[in-house]
Amino acid sequence: MAAPAQIRVLPDAVINQIAAGEVVERPASVLKELVENSIDAGASRIEVEVVDGGRRLVRVRDDGTGMDRDNALLSIERHATSKLRELKDLDSIATMGFRGEALAAIASVSQFTLVTNREGAAAGTEILVFGGRIQDVRDAGAPRGTDIAVRNLFFNVPARRKFLRSAQTEFANIRQAFLLEALANTGIEFALRADDAEVYRLPATEHLLDRIRDLYGVEIAGHLRPIRFGNGVVEIGGYAGVPPCSRLDRELQVVFINGRPSGSPVVNFAIQSAYRDVLQGGRYAPLFLHVDLPADLVDVNVHPAKKEVRFRRPTEVRDVIIEAIRLAVAGPEAGRGRRDESPREAARPHVYPPVAVSATPPASPAPAPMAVTQPRLDWTPPPVPPAEPEAGAPSAPWAEYRLMGRVGGMYVVLETADGLVLMDSRSAHERVIYERLLGAMEKGNVPAQGLLPPVTVAVTPAQAAALRKHLDLLKEMGFGVAEFGSDTFLVDALPVWVAGVAPGPLLSDIADGLMQGGRTSAKDWVQPLIASIAGKQAVGLQRELNDAELNALIRDLARTEMPYTSPRGKPTVILLSTRELNRKFGRE
Ligand code: ADP
Ligand code: MG
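The rules behind these values
Residues numbered from 1 in each chain as written. Chains lettered and ligands numbered in written order. Predicted model: local features only at pLDDT ≥ 70, side-chain atom pairs only at ≥ 80, totals over all residues. Heavy atoms only, no water. Helix = DSSP H or I, 4+ residues; strand = E, 2+ residues; numbered from the N terminus. Buried < 20%, exposed > 50% of the residue type's maximum accessible area, 1.4 Å probe, protein only. Contact = heavy atoms within 4.5 Å. Areas by Shrake-Rupley, 256 points an atom, 1.4 Å probe, with all protein chains shown as cover. Axes fitted to C-alpha atoms, helices over the stretch in contact; angles between N-to-C directions. Parallel < 35°, antiparallel > 145°, perpendicular 65-115°, else oblique. Left-handed = near helix turned anticlockwise from the far one by under 90°. Pairing = 2+ DSSP bridges. Expected span 1.5 Å × (residues − 1). Polar contact = N/O pair within 3.5 Å; in protein donor to acceptor, adjacent residues only side chain to side chain.

**Here we look at the overall build of the protein chain**
When helices and strands are tallied, the protein chain shows 18 helices and 24 strands. Burial status across the protein chain gives 51% buried among its 588 residues. For the protein chain, restricting intrachain contacts to residue pairs at least 6 apart in sequence, the fraction spanning at least 24 positions comes to 70%. Counting only carbon and sulfur atoms, one obtains 52% of the accessible surface of the protein chain, whose full area is about 26,500 Å².

Rendered as C-alpha cells:
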C-alpha cells in the first residue's frame, strides 16, 4: 500500500480556482466525505455507523494508512490537503477529495472525534473538537486506520440544524450515499449499522454484479445485462436493466464517472434516449453505468460536493452512452466483438435473462440462459423452420416454436424448447412495424408522401441555420425540404409517418431538436412519432390472423432488435420456462 502523502496547505491561487460552496449539507454529505477520505487512504474495509438518521451520530472507521499526529492536526485545518499541490493538478484529479475543506467544515459544525494510527507507530492520536475548537489532543491505543465520529451535526448552527429532516428522511439519504460508495468501490468491504442494527455487510468482490446482488437482491440482478462498449476514448461499462423491468423513480439508476458517483445532464439525456423506444415514458430501468474517460476531458470542479461534472466533448459522450446501452439491452449478441471483455467481468458468463415479469424470484442467482441454441433431445422439430437470423441479429428464445393456439383474440400461445411463450400479437406488430420504419429511415429510403401544393415555412434564423446544416438528414428522414431564401424553407414531401401533421410546427420542432442535440437527438425525436404510427397501423391489423400470418409475425418479431417490448414499452411476450411451471406446480 502506498505511503501516506504529506499534507500541505493550498496556495491561495488554487483556493480561488476552486468553486466555492458548502460541502456539508446534511448527515449524508458527512458520510460521503468521510467514506471518500477512507477510500483515498487505501482502506480495504469501511464501517459506517449512524444513530437517529445521522442526526446524532455519523461514524466512519477504516483500516487505511492513518495519520501521524501532525498530519491529524493539520487535517482539520481549512484547505489542508495531501492531494493537490498546484493549479495544474486540478485538471487531473484522481482522488476523491481535493479541496481540503471537508474535515475542517465538518469539525466546525459538530462535536468531532478523530482517532487515527499509522502502521508501526508507537501510539495513535485522538483529537476532540467541539464546534471547530480543539478541546484535547492525546495518545490513543488504536489499530491502524482512522475512526472519525461526528456527533450532533449543526448543534452550534441552529438555523441549519432546523433544516434537518426527520430521522427517517435523513436515513434514506444516508443509505443512498452509502449505496453509491459501495457500488463504486466493490473491492472494499463495507458495513452499515443504523441505531445498533446491521443494515448491510458487503464482502469485497471483484464483480459489480455481486455487489448489486448483495444490495438489491437476485431479482434485480437477474434482469441486468452487461454493458461493454467504447470508442477508444470514452469507455462504458456496468449493467443495464432489460425492459419491462422498470420503476417509477430513478433510484436504481446510478452513474459513475471515472469511478465516482456522479452525474451530468448529458448523461441523463443519453440514458433517456437509449431507453426511449423500449420503455414507457415515466418509467426507469435499473442501470449501473460506468463512464470512463481521460481526466482532462472532464471538469469535476462544477459542483461543490462533486455531484455533477461537465464534459469537454459532451456530444461524443452522449452518443457512446446511447450506443452502449442500446447494444446491452438489445442482447448479448449485438454487442459482441465491439470491445474486449474487461478482465473485471470476464469471468462472468453472458446471461440472457428471462424478461418475463414473474412473482417468483429466480431459483439461482444466475438464471439459466433461455436461448435455444442447444435444443433438448426430446424436442420435435418445429413445423415452421425459423428464418435464418440475419448477421448480428439476436435470436429470440422463441425462434423455434410450435404454435399452440389463441387466447382472447389477441394473445397467442407458443410452445418452445424451454417452455411456454405468450405473445401479444398487437404489441408484437407494433414492434415489427416500428423497426421496419426506423430501418427505412436509417437506410434513407423512407416512403414519402408528396404535398400538393408545397408549403413554405418560415423559421427563426437560429432554426434556419440548424436545418441548413442537416438538410441531408432531413432527406434521409423522408422530408422533401429545400431552402427558399431568408430563413424560409419549401416543403414538398413529408415522411409517411407524419402525414397529416402541419409542416410548420413540425419543422420548427425538428430544428429545435437539432439545435439541442445534433443528429442523434433528431433521430430520437422522430422515434415517438414513428412509434405512434406503428401503433395505429397495428390496430388496423387486429382482425383474427391466420396461421400463416401469425407465423410470419412471430418470425419477424424474433428478428427485431428489441423483441421483448413494443416501441411504447409494453411487453410483447411473456416467457414461462418449464422450470418455472414445475415450480409453480410444486414439482421442485
Ligand atoms: P481532502 O479530502 O479534500 O484532502 P479533507 O478535509 O477531506 O480534504 O481531508 C484532509 C486531509 O486529511 C486529507 O487530504 C488526508 O490527508 C487526511 N485524511 C482525512 N481523512 C483521512 C483518513 N480516513 N485516513 C487518512 N487520512 C485522512
Ligand atoms: Mg476529503
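On we go.
**Digging into the packing of helix α13 (residues 425-443) against helix α17 (residues 547-559)**
When two helices pack together, their arrangement is given by the angle between the helix axes and the distance between those axes. Closest axis-to-axis distance for the α13/α17 pair is 9 Å, and the angle between their directions is 55 degrees. As the angle between them shows, α13 and α17 are arranged oblique. Our pair here, α13 against α17, has a crossing hand that is left-handed. Of the residues in α17, those in contact with Ser425, Ala428, His429, Arg431, Val432 and Arg436 of α13 are Leu553, Asp556 and Leu557.

**Thoughts on the pairing of strand β5 (residues 111-117)**
With seven of seven residues buried, β5 is to be regarded as a mostly interior element. Burial along β5 is two-sided: the face carrying Gln111, Thr113, Val115 and Asn117 and the face carrying Phe112, Leu114 and Thr116 are both buried. Where β5 and strand β8 (residues 145-151) come together, seven bridges link them in antiparallel fashion. When the bridges of β8 are listed, Asn117 appears paired with Gly145.

**What to know about helix α10 (residues 314-330)**
Taking 1.5 Å per residue as the helical rise, α10 with its 17 residues ought to reach 24 Å, and the 24 Å between its terminal C-alpha atoms agrees with that figure. Most of α10 sits inside the fold, with twelve of its 17 residues counted as buried. What α10 keeps buried is the set Val317, Arg318, Val320, Ile321, Ile322, Ala324, Ile325, Arg326, Leu327, Ala328, Val329 and Ala330. Within two residues after α10, Gly331 carries a phi angle of roughly 125 degrees, on the positive side.

**Structural notes on α17**
Spacing of three or four residues puts side chains on the same side of an α-helix, whose turn is 3.6 residues. With 13 residues, α17 extends 18 Å from end C-alpha to end C-alpha; this agrees with the ideal 18 Å at 1.5 Å per step. Contacts from the buried residues of α17 go to β18 (401-407), β19 (411-416), β20 (419-424), α13 and β24 (573-577). Backbone nitrogen of Ala548 and a side-chain oxygen of the N-cap are separated by 3.1 Å at the start of α17; the cap is Asn546.

**Focus: the pairing of strand β9 (residues 189-194)**
Pairing analysis gives six bridges linking strand β2 (residues 45-51) to β9, with the strands arranged parallel. Along β9, the bridge assignment pairs Ile46 with Phe190. Here β9 runs beside strand β10 (residues 197-202); their pairing, made up of five bridges, is antiparallel. When the bridges of β10 are listed, Phe190 appears paired with Leu202.

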